[in-house]
Amino acid sequence: MQLIRLSEVDSSMVDLVGGKAAGLGEMIKAGERVPDGFCLTVESYTAGDLPEDELIDAYRRLGGGRVAVRSSATAEDLPEASFAGQQDTYLNVEGDGPLLDAVRRCWDSLHNERAVAYRNAAGIDEAAMAVVIQRMVDPAVAGVLFTANPITGCRTEMIVDAAPGLGTAIVDGTVVPDHYVLDHQASAVSADDGCLSRGQLDALRAAGRRLQAHFGGPQDIEWAIDADGTLWLLQSRPITTLFPAPPDTGDTRLYLEFGHIQGMLRPTTPMGVSLLKTGAGQWFKAAGAAVDPRNPLPRLVPIGGRLYFDLTDFVRSKAMRKRLGTSLEVYGPRVQGAVARMLDDPRFAPRRGLPFRLGTVMKMTVRLTPLAIVGLARSLARPDTARAAALRGVEEIKRQTVPPSAAATAAERLRWVIEDSHKAIMSIDMHGVMWPLMAGMIAGTAPAGLLKGVASEEELDAVVAGMPYNVTTEMDLALWRIAVRAREHRELFGTAPPQDLAARHLAGDLPDIGMTAFLDRYGMRAAAEIDVGMPRWADDPAPLFATIANYLRVDDPGQAPDRRFEQAANKAARTIETVSRRARRARPVRGRLATFFMRRSRKLTGLREIGKFAWLPAIQAARTQLLLVGNDLAGRGLLERGDDIMFLDLAEARAAVHDGADHRALVAARRSEYRRELRRPAVPGALLSDGTDVEALAPAEVARDGVLVGMAGAAGRATGKARVIRDPAGAHIEPGEILVAPTTDPGWTPLFLTTAGLVTETGSPVAHGPTVAREYGIPAVICVRNATHEIKTGQIITIDGAAGTVRVEAES
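Rules and cut-offs
Residues numbered from 1 in each chain as written. Predicted model: local features only at pLDDT ≥ 70, side-chain atom pairs only at ≥ 80, totals over all residues. Heavy atoms only, no water. Core = buried A, V, L, I, M, F, W, Y, C linked by side-chain atoms within 4.5 Å. Buried < 20%, exposed > 50% of the residue type's maximum accessible area, 1.4 Å probe, protein only. Helix = DSSP H or I, 4+ residues; strand = E, 2+ residues; numbered from the N terminus. Contact = heavy atoms within 4.5 Å. Pairing = 2+ DSSP bridges. Axes fitted to C-alpha atoms, helices over the stretch in contact; angles between N-to-C directions. Polar contact = N/O pair within 3.5 Å; in protein donor to acceptor, adjacent residues only side chain to side chain. Phe/Tyr/Trp six-rings, centres within 6.5 Å; stacked < 30°, edge-to-face > 60°. Lys NZ or Arg CZ within 6 Å of the ring centre and 35° of its normal. Arc of directions from axis to C-beta.

Draft legend 1. Structural view of the nonpolar core. Formed by 122 residues in total, the largest nonpolar core has its most connected members in L451, F493, F518, I548, I645 and L739. The greatest single-element share of this core, amounting to twelve residues, is contributed by helix 24 (residues 610–635). Not counting the four nearest positions on each side in its chain, L451 is found in contact with L460, V579, A583, R587, A594 and M598. If you look at the next biggest cluster of nonpolar residues, it comprises 56 residues, including C39, A58, L145 and L233.

Draft legend 2. Main features of the sheet that holds strand 15 (residues 686–688). Pairing in this open sheet of four strands is antiparallel, and the strands run 13-14-12-15 from one edge to the other. Since the sheet does not close on itself, it has two edges, and those belong to strand 13 (300–303) and strand 15, each with one partner. Mean inter-strand twist for the sheet, computed between neighbouring axes without regard to direction, equals 40°. By the bridge criterion, four bridges tie strand 13 to strand 14 (residues 306–310) in an arrangement that is antiparallel. Pairing of V301 across the sheet is with Y308, part of strand 14.

Draft legend 3. Seen up close, the side chain of E695. Position of E695 among the secondary structure elements: in the loop between strand 15 and strand 16 (707–709). Within the local environment of E695, its side chain forms a polar contact with the backbone nitrogen of G685, the two atoms lying 3.2 Å apart. Those residues in contact with E695 that sit more than four places away from it in its chain are R334, V335, A338, R341, P684, G685, A686 and R785.

Draft legend 4. Expanded view of the pairing of strand 3 (residues 66–73). Counted residue by residue, strand 3 has seven buried out of eight residues, so it is predominantly covered. Judged from the four bridges that link them, strand 3 and strand 4 (residues 89–94) form a sheet pairing that is antiparallel. The partner of R70 across the bridge, within strand 4, is T89. As paired elements, strand 3 and strand 5 (residues 129–135) share seven bridges and run antiparallel to each other. Bridging across to strand 5, A68 finds its partner in Q134.

Draft legend 5. Seen up close, the packing of aromatic side chains. Within the structure shown, the criterion is met by eleven aromatic pairs. On the numbers, 5.2 Å between centres and 85° between planes, the contact of W283 with F284 is edge-to-face. Between F596 and F597, the ring centres sit 5.4 Å apart and the planes meet at 70°, which makes this aromatic pair edge-to-face. Note on F597: relative accessible area 13%, which makes it buried. Following the ring pairs from residue to residue traces out a cluster consisting of F518, Y522 and F613. Over the aromatic face of Y90 sits the side chain of R105, whose NZ or CZ is 4.2 Å from the ring centroid. Here the guanidinium or amino end of R387 rests over the ring plane of Y469, the centre of that ring lying 3.7 Å away.

Draft legend 6. Local environment of helix 20 (residues 515–522). Taken residue by residue, helix 20 has M515, F518, L519 and Y522 as its buried positions. Mapping the buried residues of helix 20 onto a view down its axis gives an arc of 95°, with all of them on the same face. Exposed side of helix 20, more than 90 degrees from the buried face: A517 and D520 are the residues found there. Contacts from the buried residues of helix 20 go to helix 17 (471–486), helix 19 (498–506), helix 21 (542–551) and helix 24.

Draft legend 7. Representation of the sheet that holds strand 5 within the structure. If you trace the five strands from one edge of the open sheet to the other, you get 1-2-5-3-4, paired in antiparallel fashion. Unpaired on one side and paired on the other, strand 1 (3–5) and strand 4 mark the two borders of the sheet. With direction set aside, neighbouring strand axes in the sheet form an average angle of 25°. This element, helix 1 (residues 14–29), spans strand 1, strand 2 (37–40), strand 3 and strand 5 of the sheet and lies at about 125° to strand 3.

Shape is all these values report; function is a separate question.
Structure (structure tokens):
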């Protein structure tokens, strides 16, 4: 079938007619007014044969005259990719010859530079081109209607841009359109005098509501109104840029993104969310809280695969709302400001009562307080003993995390994951790990308050630089030592693709540089490692080989990470002595107390990573068991492959194991959504239940010439070439470059050893990235909005970690 009328097309035919034609056909079937036309299907394109006679005949049966010739690629107007303006459309085409020429040019536009680049960015490999031919509408006014606000994400607003004449002037950006903001249910919220009447706006609102209901989501609609006042709908496609809306609770809620504080901006798999909530729920239960096994942490809500905390009840609480400002400092100034604005929103007016059950808090307090007092006091009094006890606790947790035997059934393995995998790590004091860890955090942060006005930010950061006993730092330095051993094989490890080296290592076909021993200790780690759905380095060590190649480019002995770390530790010791003498003279009591904490921090603060490190064996063991369960389900035809189980939650996996539930269609849909979310360039830090990105409501920041403003992460200044990296896997970075990233977690930190500085779009001063940066003695600026887009690889930038600024100096 090479030609088909639009009235005979529906969404099931997208592979034949392309996205645009499928959308037009659906609108016609829904009873909307769409210009008459037909489609030249992809069969002609793939055959390389233009049926000229048939095409001209169809054109004449349409009435001849002026038509629009519009691209309709199979990858166009889809939920994950709009392809807006990427392929060509030709208007007012008249006559047989011009029609054939316009069709050929539409075909050619599938491979123009911008379309190819767009497909690559969207992860789309193949596409074919159909072409739509429609009667031209002579518009008195035309434009675009969004059934959700594409800037703020608000689902209760519609946006209309309109201008006299053809709507192409608006989508091309060649005119300044009249702009209207409509409420979904009522009259226009904002409608300045312009080219549309109130009745026309009402008609557009009604059409938008119909199409959104028909297609099942917010739509980007092109329309035209002719001289007779008739509304024509020219296109409807999903708004692809919207962040997924929170679940509908029937109430206005405020959510804060939870993951970026710890450097996890990528989506979490459904199984990752489910296991995290189930495991953490076991600790709260041990501490005395009432836990619903169906939803152990109800305030932790997955939205777009990211973890959000429902802050609503705290914002509305008279007793709690005034205390929120300080507690939200870890989120950075943008999120903190967004929440502050919501305090003035009448939808979050204060109410009486607390956001938690007082009885539960009292029970947890009674259970935890004696343990905390004794544990913290002992840790601060005898830090070396406490640190040794914490390390023994890690080994005890690992010893108690015993998975089922090889003969276990899928049901037994799944039961172990749900009930037993986290039993050891989620004990109330984590087998002695918790209190030394907490004491170290207190010792690391207390000097800042005690030394205010006495010590500078640079001095305070120097005190925690080169911090010993940090498992993540020790891991990075161990990888550096492996790179040193790899020097005798520099040609191999410095030039071979990391994936090839990983495959050869797993096959036992590489020189022994110590990677096997490294993976025995650290193979449970990875980027986004708290997600059980993520492969571990033991599964795929390619990122480690990429980092080794980076290390092999370090030629200056002074830049060797172990030497830099040693220098930072020596500077810390000198700084403590200098600041201690100054503080005791200025404030004798506070000075002695600050000195005590600074010295204790050198013995305990490095333990800040040990809690997560102790958790990872449970996650790795649970992952192994889940994959075995997934393999069993795949063998029964309930999943396509074993790792599909990571796109189910625990309850769904139980239904498959026990009841034979077939989840293949569900997994396919979730995998598609997950891949789409992996490509999302930005994630809202604060989100309303109507989909509004609260930060987008803030007044525009006053631009400073060449300066991007963020938040202080680690003091110091550095100038160098920027290296923008969005994924640490296989990342290439030259010694002395400044790493610019969306966020960082421990899976990124091996890259820090040879960088001159760090810039991230998200994070907090206590997150992994800036903490490790301080320990390595490199400056860091965090919470720089759109840094990975504003800064280009190769640009010379200067970062000031104390001021929280990034100056773009020049192109390289």
